[in-house]
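Below, each chain spelled out in residue letters.
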Amino acid sequence: MIQRRLWPVVIVAAMAMAGCSTSTGTSPSGSNSAGTVGGDLTIWVDAARLPVAQAYAKAHPQVHANIVTFDGDGNGATTLQTKIQLWNRTGKGWPDVIFSEQVNDPVWMAQKPFDFAAPVKDLIPQDVLGQWPASSTAQCTINGTQYCVQDNLAQVVLWVNKKLMDQFHYTVPKTWQEWASLGDKVAKEHPGYIVGNIGDSFGHWIYLWGNQCPLEQVNGTSVHIDATDSHCTRVAELLDPLIKNGTVPPLNVFTPDFAQKYGGADSKVLLMPGPSWYAQAVFDQALHMPAKQITAAPPLQWGTDTPVTTGQVGGGPWIMSRHSANLKTAADFVTWATTVFNPSGAEARPGYPAYAPLATKWLEQQAANPYYAADPTPALKAAADQIWPGWNLVSYPDQPVWSTSVVTELVAGKPLSSLLEPFGKALKQAAQAAGYAVN
């Protein structure tokens with residue numbers, strides 16, 4: 001998930017875990033059992049993953065866990081790169097496991113000059129690894145070798161305010177064209193209400209990824225970038241009138257301004273394309289929308305194009321260090337964190353588990369979650385297999401490029417259609433600076 005930024009560092013010993021959340025169960029067959037692991041284990045996590053590290057320490061008292069919380073989502077910040085280079089120079093300090101909300105981190109971590117990530121083959125059994133969706137495994141695979149496993153999927157669906165849709169007597173759109181037509185109608189009939197937003201640093205992952213805009217197609221050391229492809233320009237042409245009429249504002253969903261304008265009990269969010277984690281992180285926590293309003297509909301289809309494809313915003317990876325002196329325990333922790341931890345209960349994990357058997361349990365919990373206006377799980381489950389594989393993760397961060405070259409210009413009143421070409425050029429510069437050949 002891409003949600004938070006923080007930078008406190010906390011060291012927590014396993015003996016201090018008495019009050020933390022946990023779950024029962026054992027790791028899948030073939031993984032290391034609790035009786036065969038132990039010793040010191042240093043784990044770096046973001047705030048959202050702190051409970052799983054604490055729960056593992058409580059469930060495995062033979063492991064002395066040093067847990068460090070850090071900014072897992074720098075949106076391209078070089079904090080981790082600086083840290084790893086320092087550890088490499090001094091020959092010490094590497095954590096055994098890192099969780100990152102920046103999904104492209106494994107790409108550079110697996111390559112020189114960092115050489116941090118350990119291949120997961122032989123650390124996690126193949127029959128377990130086979131339970132991740134192909135699109136998820138692909139994002140963790142660099143030059144044919146898998147270097148991470150994703151904690152959660154962040155597939156984009158269409159979030160629907162069922163209360164408002166019923167009140168306004170609107171039908172939930174199934175295509176992008178129907179969605180845009182409804183946006184035009186909303187601007188005329190209910191000004192001030194919105195059907196989406198495009199002010200986030202990951203807006204292109206929502207609107208362009210799912211519509212097959214070729215911005216990150218990697219082949220070895222080269223990357224294909226074409227922001228003027230028809231799959232890109234058609235999306236911009238669809239969005240421009242909605243940005244202009246105010247139903248898709250260029251505002252960030254996590255800003256106080258957005259919450260004040262569109263959140264609260266009288267929320268003005270009618271529809272919103274967004275990832276699976278929006279339910280809790282955006283609608284509940286950021287916008288404070290009451291229960292019984294929001295549910296999920298399937299990803300929008302482009303006209304009659306098949307198959308339907310969608311984007312992804314997040315899907316944070318767990319990465320083990322090739323420098324670890326305790327890889328067996330590191331692998332046991334990563335396996336436990338992704339295949340066992342907390343799919344249900346009052347403190348159920350917020351993200352859609354990438355590991356399929358755990359996702360099934362999590363979906364059962366969400367289907368009964370009283371926050372939703374209707375069961376969101378059919379849409380979430382279907383979208384998990386619809387993430388377009390035509391985007392590859394790259395070693396350079398693209399979100400700052402989108403924010404700088406597109407979002408700031410949208411705020412200034414420029415149409416998205418006029419910004420695609422300079423966005424593509426800025427991406428090309430970022431790719432070349434990272435050592436890619438661009439075609």
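None of the values given here were measured: they were computed from a predicted structure.

Here we come to the sheet that holds strand 11 (residues 271-275). Pairing is antiparallel across the open sheet formed by three strands, whose spatial order is 11-8-12. Strands with a single pairing partner mark the edges of an open sheet, and in this sheet they are strand 11 and strand 12 (294-297). Along the sheet, successive strands turn relative to each other by an average axial angle of 35°, direction set aside. In this sheet, strand 12 lies alongside strand 8 (residues 156-161) in antiparallel orientation, the contact comprising four bridges.

Okay, the pattern of salt bridges next. Tallying each qualifying case throughout the model produces ten salt bridges. Between R49 and D46 there is a salt bridge; the shortest N-O distance is 2.8 Å. With a relative accessible area of 2%, D46 lands in the buried category. A salt bridge links E421 to K425; the nearest nitrogen and oxygen atoms lie 3.8 Å apart. Within this pair, E421 and its partner K425 are both found in helix 16 (residues 420-433), separated by four residues, close to a single helical turn. For E421, a relative accessible area of 46% translates into the label partly exposed.

What follows concerns the sheet that holds strand 15 (residues 437-438). Strands sit in the order 9-10-15 across an open sheet of three strands; the sheet is mixed. Here the strands that pair on one side only, and so sit at the sheet edges, are strand 9 (217-219) and strand 15. Pairing geometry for strand 9 and strand 10 (residues 222-224), over three bridges, is antiparallel. From the neighbouring strand, Q217 faces strand 10, where its bridge partner is H224.

Bringing the state of the cysteines into the picture now. Inspection of every chain in the model, using the stated rule, returns two disulfides. Covalent S-S linkage joins C140 and C148, the inter-sulfur distance amounting to 2.0 Å. Its S-S torsion of approximately -100° makes the covalent link between C140 and C148 left-handed. Considered together, C140 and C148 belong to a single accessibility category, that of buried residues. Between the sulfur atoms of C213 and its disulfide mate C232 the distance is 2.0 Å. When the S-S torsion is 90°, as for the bridge of C213 with C232, the disulfide is right-handed. On the criterion of sequence distance, the pair formed by C213 in the loop between helix 8 (203-207) and strand 9 and C232 in helix 9 (residues 230-245) is long-range, its members being 19 residues apart.

With seven bridges connecting them, strand 1 (residues 39-45) and strand 2 (residues 63-69) associate as parallel partners. Within strand 2, the residue paired with I43 across the bridge is I67. On the question of chirality, the crossover connecting strand 1 to the parallel strand 2 by way of helix 1 (residues 50-59) is right-handed. In this structure, strand 1 lies alongside strand 3 (residues 97-99), joined through two bridges in parallel fashion. Pairing of W44 across the sheet is with I98, part of strand 3.

On to the packing of aromatic side chains. Enumeration over the complete set of coordinates arrives at 26 aromatic pairs. A ring pair is formed by Y56 and F333, whose centres lie 5.1 Å apart and whose planes are at 80°; its orientation type is edge-to-face. Here Y56 is found in helix 1, whereas its partner F333 is found in helix 12 (residues 327-339), with 277 residues between them in sequence. Assessed through its relative accessible area of 0%, Y56 is described here as buried. Their ring planes at 40° and their centres at 5.9 Å tell us that W336 and F341 sit as a pair that is tilted. The exposure class assigned to W336 is buried, which follows from its relative accessible area of 2%. An aromatic cluster is built from Y56, F99, W318, F333, W336 and F341, whose rings are joined through pairwise contacts. Over the ring of Y193 we find K268; its NZ or CZ atom is 5.4 Å from the centre of that ring.

On to the nonpolar core. With 144 residues, the main nonpolar core has W159, W179, Y278, F283, W318, F333 and L416 as its most contacted residues. Per-element accounting of this core gives the leading share, seven residues, to helix 9.

Taken together, the buried positions of helix 14 (residues 377-384) are occupied by T377, A379, L380, A383 and A384. Looking straight down helix 14, one finds its buried side chains confined to an arc of 165°; they lie on one side. Exposed and facing more than 90 degrees away from the buried side of helix 14 are P378 and K381. Residues of helix 14 that are buried make contact with helix 5 (134-139), strand 7 (152-153), strand 8, strand 12, strand 14 (352-353) and helix 13 (356-367).

What follows covers the environment of S201. Mapped onto the elements, S201 comes out in the loop between helix 7 (176-189) and helix 8. Sequence separation of S201 and Q399 is 198 residues, and the distance between their C-alpha atoms is 5.1 Å. Within the structure, S201 has its side chain in polar contact with the side chain of Q399 (distance 3.0 Å).

Here we come to the side chain of Q150. By secondary structure assignment, the location of Q150 is in strand 6 (residues 149-150). Given the relative accessible area of 1%, Q150 is considered buried. A distance of 2.6 Å separates polar atoms of two side chains, one belonging to Q150 and the other to S136. Among the polar contacts listed, one links the side chain of Q150 to the backbone oxygen of G315, at a separation of 2.9 Å. Excluding residues within four positions of it along the chain, Q150 makes contact with W132, S136, Q139, C140, Q312, G314, G315, G316, P317, T338 and A354.

Basis of the calculations
- Residues numbered from 1 in each chain as written.
- Predicted model: local features only at pLDDT ≥ 70, side-chain atom pairs only at ≥ 80, totals over all residues.
- Heavy atoms only, no water.
- Pairing = 2+ DSSP bridges.
- Helix = DSSP H or I, 4+ residues; strand = E, 2+ residues; numbered from the N terminus.
- Axes fitted to C-alpha atoms, helices over the stretch in contact; angles between N-to-C directions.
- Salt bridge = Lys/Arg side-chain N within 4 Å of Asp/Glu carboxyl O.
- Buried < 20%, exposed > 50% of the residue type's maximum accessible area, 1.4 Å probe, protein only.
- Disulfide = S-S within 2.5 Å.
- Right-handed = clockwise from strand over helix to strand, strands pointing away.
- Phe/Tyr/Trp six-rings, centres within 6.5 Å; stacked < 30°, edge-to-face > 60°.
- Lys NZ or Arg CZ within 6 Å of the ring centre and 35° of its normal.
- Core = buried A, V, L, I, M, F, W, Y, C linked by side-chain atoms within 4.5 Å.
- Arc of directions from axis to C-beta.
- Contact = heavy atoms within 4.5 Å.
- Polar contact = N/O pair within 3.5 Å; in protein donor to acceptor, adjacent residues only side chain to side chain.

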